[in-house]
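Take a look at the letters that make up each chain.
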Amino acid sequence: MALIGLVRISTDKQNTQRQHDALDPICLKVFQEKISGKLATDDRPDLLNALAYIRDGDMLTVREVDRLGRNLLEGLIVLNDLFQRGVGVKVLEGIAAGEHTERSLILDLAEDRRRDITRKTKNGLEAARKRGRIGGRRPVVDDDKRAAILARRQRGESIRTIAAGVKVSIGVVHRTLADAKDS
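Residues numbered from 1 in each chain as written. Predicted model: local features only at pLDDT ≥ 70, side-chain atom pairs only at ≥ 80, totals over all residues. Heavy atoms only, no water.

An unreviewed UniProt entry annotates the protein chain as DNA invertase Pin-like site-specific DNA recombinase originating from Streptosporangium album.

In structure tokens, the structure reads:
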């Protein structure tokens, strides 16, 4: 099994040295492309040259999975294309580090990305709380709407009628009434 490297940058202003430093010592051959990662596999001539060079059992090797595409979604599309062609991928660093030969990597990456987003959101909310701010959506029901909901219910209006009249969802009316009952 040989490792075939792929170095990708989007513009001439970017430097390839960091990627070459990681790939040159371990790869039999390294292909370099200066093209947007937004393009599909078939629209990237240097990637196609690398794929033509790869033999059965070889692996396309990148420093980080985002070198396959401009962002995670585009990288996943390229990964899917590669797996459909029977090409394995080796990622040296980052969330997808390791050797991959099947589509389960795509699901793993999506799950890792979702966990990363959740972690960052929680960290951001925690940091905001430490500064005395409360995160999340603003409440739909202010004091005036709350009073209107309670008054209408006391007059015997249905929940559906109240929701339409106050211009909130039925669930918001239910929640407001339940909160009023609890307090």
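Another point: unusual backbone geometry. Glycine aside, residues mostly have negative phi, and peptide bonds are mostly found in the trans state. Even without being glycine, K167 reaches a positive phi, approximately 65°. Its place among the elements puts K167 in the loop between α6 (159–166) and α7 (170–182). The exposure class of K167 is exposed, given its relative accessible area of 70%. (Helix = DSSP H or I, 4+ residues; strand = E, 2+ residues; numbered from the N terminus. Buried < 20%, exposed > 50% of the residue type's maximum accessible area, 1.4 Å probe, protein only.)

Moving on, we come to the packing of helix α5 (residues 143–154) against α6. The relative placement of two packed helices comes down to the angle between their axes together with the axis-to-axis distance. At a minimum axis distance of 10 Å, the contact between α5 and α6 shows a crossing angle of 145°. For the pair α5 and α6, the crossing hand works out as right-handed. When α5 is examined against α6, the residues K145, A148, I149, R152 and R153 are found in contact with a partner set consisting of I159, T161, I162, G165 and V166. When the residues that make up the contact of α5 with α6 are grouped by side-chain class, the tally is five nonpolar, two polar and three charged. (Axes fitted to C-alpha atoms, helices over the stretch in contact; angles between N-to-C directions. Left-handed = near helix turned anticlockwise from the far one by under 90°. Contact = heavy atoms within 4.5 Å. Nonpolar A, V, L, I, M, F, W, Y, C, P; charged D, E, K, R; others polar.)

All chains considered together, the criterion is met by seven salt bridges. For R44, the salt bridge identified is with E33, shortest N-O distance 2.3 Å. Of this pair, R44 sits in the loop between β2 (29–34) and α2 (45–53) while E33 sits in strand β2, and the two are eleven residues apart along the sequence. Residues R44 and E33 agree in their burial class; the two are buried. In this structure, R152 and E157 form a salt bridge, with 3.4 Å as the shortest nitrogen-oxygen distance. By sharing partners, the salt bridges in this structure join R152, R155 and E157 into a single network. (Salt bridge = Lys/Arg side-chain N within 4 Å of Asp/Glu carboxyl O.)

A separate point is the domain arrangement of the protein chain. Where the parts come together, the accessible area they lose is often given as the size of the interface. Split into domains, the protein chain comes out as domain 1 (3–102), domain 2 (106–136) and domain 3 (143–182). Centre-to-centre, using C-alpha coordinates, domain 1 lies 57 Å away from domain 3. (Domains from an automatic or database assignment.)

What follows deals with α6. Buried within α6 we find I159, I162, A163 and V166. Viewed along the axis of α6, the buried residues span an arc of 100°, placing them on a single side of the element. Turned more than 90 degrees off the buried face of α6, the exposed positions are R160 and A164. Downstream of α6 by one or two residues, K167 has phi in the positive range, about 65°. (Arc of directions from axis to C-beta.)

Considering all chains together, one arrives at one aromatic pair under this definition. We note K29 situated over the ring of F31; from NZ or CZ to the ring centre the distance is 5.3 Å. Seen from the ring of Y53, K29 lies directly overhead, with NZ or CZ sitting 5.7 Å from the centre. (Phe/Tyr/Trp six-rings, centres within 6.5 Å; stacked < 30°, edge-to-face > 60°. Lys NZ or Arg CZ within 6 Å of the ring centre and 35° of its normal.)

If you look at soluble globular proteins, the nonpolar side chains tend to sit buried side by side. Core analysis: the biggest nonpolar cluster contains 21 residues, and L6, L60, L68, L79, L82 and V89 have the highest contact counts within it. A per-element tally of this core places helix α3 (residues 72–84) first, with five residues. Leaving out residues up to four positions away in the same chain, L6 has contacts with Q19, L23, F31, E33, R44, L47, L60, T61, V62 and L68. (Core = buried A, V, L, I, M, F, W, Y, C linked by side-chain atoms within 4.5 Å.)

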